[in-house]
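# Chain and residue survey
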Amino acid sequence: MAGFLPARKHLSADALVRLVQARFARVADPRPGTGVIPLADALMSAFAMFALKDPSLLAFDERRHDENLRALYRIGRVPSDTQLRAILDLVPPEALRPAYQDVFRQLQRGKTLESFVYLEGCYLLSLDGTGYFSSQKVHCPSCMRKEHADGTVTYYHQLLGAALVHPDKKEVIPLAPEPIIKQDGQTKNDCERNAARRFLERFRRDHPHLPVIVVEDALSANGPHVRDLLEHDCHFILGVKEGDHKYLFEEVQRREESGAGVEQLLLRGSDARVEQRYTIVRDVPLNESHQDLRMTFLRYLEVNKSEEVTQVFTWVTDLTVTRTTASQVARGGRARWKIENETFNTLKNQGYRLEHNYGHGEQNLSVILALLMMLAFLVDQVQQLCDPVFRAAWQKLGSKRLLWERQRGLFYDYRLRSLREVHEAMLYGLVRPNLQIDSS
């Protein structure tokens, strides 16, 4: 088990399920009167569906009488797929944010987050948008619309994802995403820029003292967004592209030609055949319209011995970039990809099925299901980070897909006492002294 973090009881799967269930029990029920199925049971049922990676609500419906499901996920009554859709459709998305905060506080309490601190005492916070629903038939009032030249309309949902990342870690710590949906009273589509503004306001409300460096792509390197970042006390490393930031690159070129305020740095990495070349240009304006937004431009080139450039990256940042920190800033900027590779790719292709339509509803269902899926992903990431048994089982089985398949199989075939026991059974085998075959 070398290299694994020691197991922490308050960060175990069982402890986090109790934490999530306790939070769901405090969510106000939007239904008039008292529902036959408590709201907390409906929320926990959907959370369990994503935790178990069931491929659809109909598949999950087959578990309604599963004693393991009810016991391990603390569910009194499991709703049918129709009941589940109807109940969750009424839940406001904001009601789920505190569950993310609860898990985050447990990570802080256990000092787990300290290993994510990257530069100047700050965490890297990667933001990016992704789509998770698209249809030309199914839609709701919150759907955004894309009208095509042939007169057809595509309805779609997106979200702005956010996660703490680190260049040296496979794990990410997702925060509550911000839905990109048509806002109440608005006729125009929502957009990623507006969602980012809402996210920053809510992020600072939830985490007023968390020091972060926001890392984003070139679409985010615009004056209004940079002002929002600064207003909410966020450092930033933002990608820039010559085609999108013509004025900036022309200014950099003028500085390089004159040599004023430009510093060149040459380093060699582990591969002696490759040179790492950094260009630092300080105190440049972001663009012509925002001359007062002064920042540092950083270019990173990888060049092999034949003088062929293999990779080029360019960013702007409000951080102090020196010969000592240039490589760290560049690595931080490149870590932005982890929200694509370790978050969205995992959610879409490794069992969670983010783009599968589990249900759309007439109000909030699509958004609520996406938020519950991300919450289940957060709990899984905590297990991957903190539970050596979970990590060993994953390594033994070789893939997340097989891990989830074995987990579902255990639920069907054995009477289980805890999620910890599930992880142990996957690691040590199906036959364990403390597992009893359910003869019923």
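The model shown is predicted, which means the values in this text are computed figures rather than measured ones.

In terms of regular secondary structure, the chain is built from 15 helices and 14 strands. For 440 residues, the compact-globule formula gives about 22 Å, and the C-alpha radius of gyration of the chain, at 24 Å, lands near that figure. Viewed in the frame of its principal axes, the chain has a C-alpha envelope of about 80 × 55 × 40 Å. Out of the 440 residues in the chain, the part that is buried amounts to 57%. Here the contacts in the chain between residues at least 6 apart in sequence split such that 63% fall between residues at least 24 apart. For the chain, the computed accessible surface area is about 19,800 Å², with 47% contributed by carbon and sulfur atoms.

Moving on, we get to the pattern of salt bridges. One pass over the structure, following the stated rule, counts 35 salt bridges. Taking the shortest distance from any N to any O, the salt bridge between R198 and E178 comes out at 2.9 Å. One end of the pair, R198, is in helix α7 (residues 192-206); the other, E178, is in strand β6 (residues 178-180), and 20 residues separate them in sequence. For the residue pair R198 and E178, the accessibility class agrees, reading buried in each case. With a shortest N-O distance of 2.9 Å, R299 and E256 are connected by a salt bridge. Placement of the pair is R299 in strand β11 (residues 294-304) and E256 in helix α9 (residues 246-258), with a sequence separation of 43 residues. Note on E256: relative accessible area 31%, which makes it partly exposed. Several salt bridges converge on common partners, so that one network encompasses E94, R97, E178, D190, R198, R202, R205 and D206.

Take the nonpolar core next. F24, F47, Y73, L88 and L125 are the most contacted members of the largest nonpolar core, which totals 146 residues. Element by element, the count of residues in this core is highest for helix α12 (residues 365-386), at 17 residues. In contact with F24, not counting residues within four places along its chain, are A40, L43, M44, F47, L96, A99, L372 and L375.

Here we come to α9. Here α9 is 13 residues long and its end C-alpha atoms lie 18 Å apart, about the 18 Å a rise of 1.5 Å per residue gives. All buried positions along α9 are accounted for by L248, F249, E251, V252 and R255. Taken end-on, α9 shows its buried residues confined to a sector of 155°, consistent with a single buried face. Across from the buried face of α9, at angles greater than 90 degrees, the exposed residues are K246, E257 and S258. Contact partners of the buried residues in α9: β9 (262-268), β10 (274-285), β11 and β12 (309-317). One or two residues past the end of α9 sits G259, with phi positive at roughly 80°.

All right, on to the pairing of β11 then. Here β11 lies mainly inside the structure; nine of its eleven residues are buried. As paired elements, β10 and β11 share ten bridges and run antiparallel to each other. Paired with T279 across the strands is R299, a residue of β11. Relative to β12, β11 runs antiparallel, the two being bridged by eight bridges. By the bridge assignment, L298 is partnered in β12 with W315. Here β11 folds back onto β12, and the loop between the two strands holds four residues, one of which, E307, carries a positive phi near 65°.

What counts, and where the lines are drawn
By convention here, each chain's residues receive numbers from 1 onward along its written sequence. pLDDT decides what is reported in this predicted model: residues at 70 or higher carry local features, side-chain atom pairs at 80 or more are listed and counted, and totals for whole chains, interfaces and linings draw on all residues regardless. Water and hydrogen atoms play no part in the side-chain values, which are based on all heavy atoms of the structure. Only DSSP runs of H or I with at least four residues qualify as helices, and only runs of E with at least two residues qualify as strands; both kinds are numbered from the N terminus onward. We compute the radius of gyration over the C-alpha atoms and compare it with the globule rule, which gives 2.2 Å times the number of residues raised to the power 0.38. Burial status follows relative accessibility: with a 1.4 Å probe on protein chains alone, a residue under 20% of its type maximum counts as buried, one over 50% as exposed, and anything between as partly exposed. Residues count as neighbours in contact if any of their non-hydrogen atoms are within 4.5 Å of one another. The method behind every accessible area is Shrake-Rupley, applied with a 1.4 Å probe, and residues are considered shielded solely by the protein chains displayed. A side-chain nitrogen of Lys or Arg and a carboxyl oxygen of Asp or Glu constitute a salt bridge if their distance falls within 4 Å. Here, nonpolar core refers to any group of buried Ala, Val, Leu, Ile, Met, Phe, Trp, Tyr and Cys residues whose side-chain atoms link them within 4.5 Å. A helix is expected to span 1.5 Å for every residue after the first. This arc is taken over the directions from the axis of the helix to the C-beta atoms. Strands pair, by our definition, only if DSSP identifies at least two bridges between them.

Read these as geometric descriptors, not functional statements.
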